[in-house]
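Architecture and fold: a report
What follows is each chain in one-letter form.
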Amino acid sequence: MDTKRGGASDAANAAREPAIASTAPSSGPVVLSRVELEAWGEAYGREVSAPRLVAIDGDLGAGKTTLIQAICRGYGVARDVTSPTFALVHEYRSRRGPVFHLDLYRLRNADELTNIGWDDIVNADALVFVEWPERAGARLPATAARISLAHVTGRPDHRALSAT
Ligand SMILES: Nc1ncnc2c1ncn2[C@@H]1O[C@H](COP(=O)(O)OP(=O)(O)OP(=O)(O)O)[C@@H](O)[C@H]1O
Ligand SMILES: [Mg+2]
């Protein structure tokens, strides 16, 4: 898929970037169909590199999991990415290293964050996605990349996306 990416030029690009820079371009807000949103996610996944924590906010059904699935395809996660509603955290393997997918919707308290290994996960050399990041409060690292998704009035098959 991304066999044309050269390791040396990747390293050179990484060296030029400040540590907290988002590895994909800032975007938005843009209004995207599902196909367009998935294409955006796959492109983001091809560009992003670990360590990176991506906080994705948006209402129920805004498309957070759909976007994460697309980013994971671009990143090279082999097996299907499902919504971790009941598990709070899922870990996937990719040829570029581990991927963690956290869904904090059902988080009850800060102790639960500790119990799922939050501190290790956010400091891991991994690609980390967090749905419902606001539930982590001040424990969400300030260096997280932010993507926001929102429903669009009158356009049920489109979503507004912005990224910083
Ligand atoms: N333009 C679009 N982009 C993304 N999803 C869309 C779009 N249009 C319609 N959808 C649909 O909206 C739903 C989004 O569901 P998804 O599980 O990704 O949302 P979510 O933000 O993860 O919700 P939750 O907060 O419940 O986890 C899917 O059924 C998807 O097919
Ligand atoms: Mg979801």
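A few points on the structure.

The rules we used
- Residues numbered from 1 in each chain as written.
- Chains lettered and ligands numbered in written order.
- Predicted model: local features only at pLDDT ≥ 70, side-chain atom pairs only at ≥ 80, totals over all residues.
- Helix = DSSP H or I, 4+ residues; strand = E, 2+ residues; numbered from the N terminus.
- Buried ≥ 20, exposed ≤ 12 C-beta atoms within 10 Å, placed from the backbone.
- Contact = placed C-beta atoms within 7 Å.
- Near = placed C-beta within 6 Å.
- Nonpolar A, V, L, I, M, F, W, Y, C, P; charged D, E, K, R; others polar.
- Core = buried A, V, L, I, M, F, W, Y, C linked by C-beta atoms within 7 Å.
- Expected span 1.5 Å × (residues − 1).
- Pairing = 2+ DSSP bridges.
- Axes fitted to C-alpha atoms, helices over the stretch in contact; angles between N-to-C directions.

**Observations concerning the overall build of the protein chain**
Summing up its helical and strand segments, the protein chain has five helices and seven strands in all. Walking the protein chain from its N terminus toward its C terminus, one meets helices and strands in the order α-β-α-β-α-β-β-α-α-β-β-β. Taken over 164 residues, the protein chain has a buried fraction of 30%. Across the protein chain, contacts joining residues at least 24 apart in sequence account for 69% of those joining residues at least 6 apart.

**What to know about the site of ligand 1**
Neighbouring ligand 1 are 18 residues, the closest being R34, G63, K64, T65 and T66. Elements supplying a minimum of two residues to the shell around ligand 1: strand 1 (27-33), helix 2 (34-47), helix 3 (64-75) and strand 7 (158-163). Split into classes, the residues belonging to the shell around ligand 1 amount to five nonpolar, eight polar and five charged.

**What about the nonpolar core?**
Inside soluble globular proteins, nonpolar side chains tend to come together where they are buried. Membership of the largest hydrophobic core comes to 34 residues, with the highest contact counts inside it found for L53, V54, I56, V99, V128 and V130. If you list the elements that add at least two residues to this core, you get helix 2, strand 2 (52-57), helix 3, strand 4 (97-103), helix 5 (118-122), strand 5 (127-131), strand 6 (145-151) and strand 7. With six residues, the top contributor of residues to this core is helix 3. Beyond its immediate stretch of four places on either side in the chain, V130 contacts L53, A55, I56, L102, L104 and A136.

**Some thoughts on helix 2**
The end-to-end C-alpha distance of helix 2 is 20 Å, a good match for the 20 Å that 14 residues give at a rise of 1.5 Å each. The inward-facing, buried residues of helix 2 contact strand 1, helix 3 and strand 7.

**So, the sheet that holds strand 4**
Two strands in a sheet stick together by hydrogen bonds in their backbones, pointing the same way (parallel) or opposite ways (antiparallel). If you walk across this open sheet you meet the seven strands as 1-7-6-2-5-4-3, and the pairing is mixed. Edge positions in the open sheet fall to strand 1 and strand 3 (89-94), since each of these has one partner strand only. Averaged over all adjacent pairs, the angle separating strand axes in this sheet is 20°, with direction ignored. Here strand 6 runs beside strand 7; their pairing, made up of five bridges, is antiparallel. The partner of H151 across the bridge, within strand 7, is R159. In this fold helix 2 packs onto strand 1 and strand 7, with an angle of close to 135° to the strand it touches most, strand 1.

**Some remarks on the environment of V128**
In this fold, V128 is placed in strand 5. Judged by the 23 C-beta atoms lying within 10 Å of it, V128 is buried. Here the alpha-carbon distance between V128 and F100, two residues 28 residues apart in the chain, equals 4.7 Å. If we skip the residues at most four places from it in the chain, V128 touches L53, V54, F100, I121 and V122.

**So, the pairing of strand 3**
In this structure, strand 3 lies alongside strand 4, joined through six bridges in antiparallel fashion. Bridge pairing in strand 4 links R93 to P98. In sequence, strand 3 turns back onto strand 4 through a hairpin of two residues.

**Quick word on helix 3**
Between its first and last C-alpha, helix 3 extends 16 Å over 12 residues, near the 16 Å set by a 1.5 Å rise per residue. Counting buried residues in helix 3 gives nine out of 12 residues, a clear majority hidden from the surface. Summarising the contacts, the buried residues of helix 3 are in contact with helix 2, strand 2, strand 3, strand 4, strand 5 and strand 6. Looking one or two residues past helix 3, G76 carries a phi angle of roughly 105°, positive in sign.

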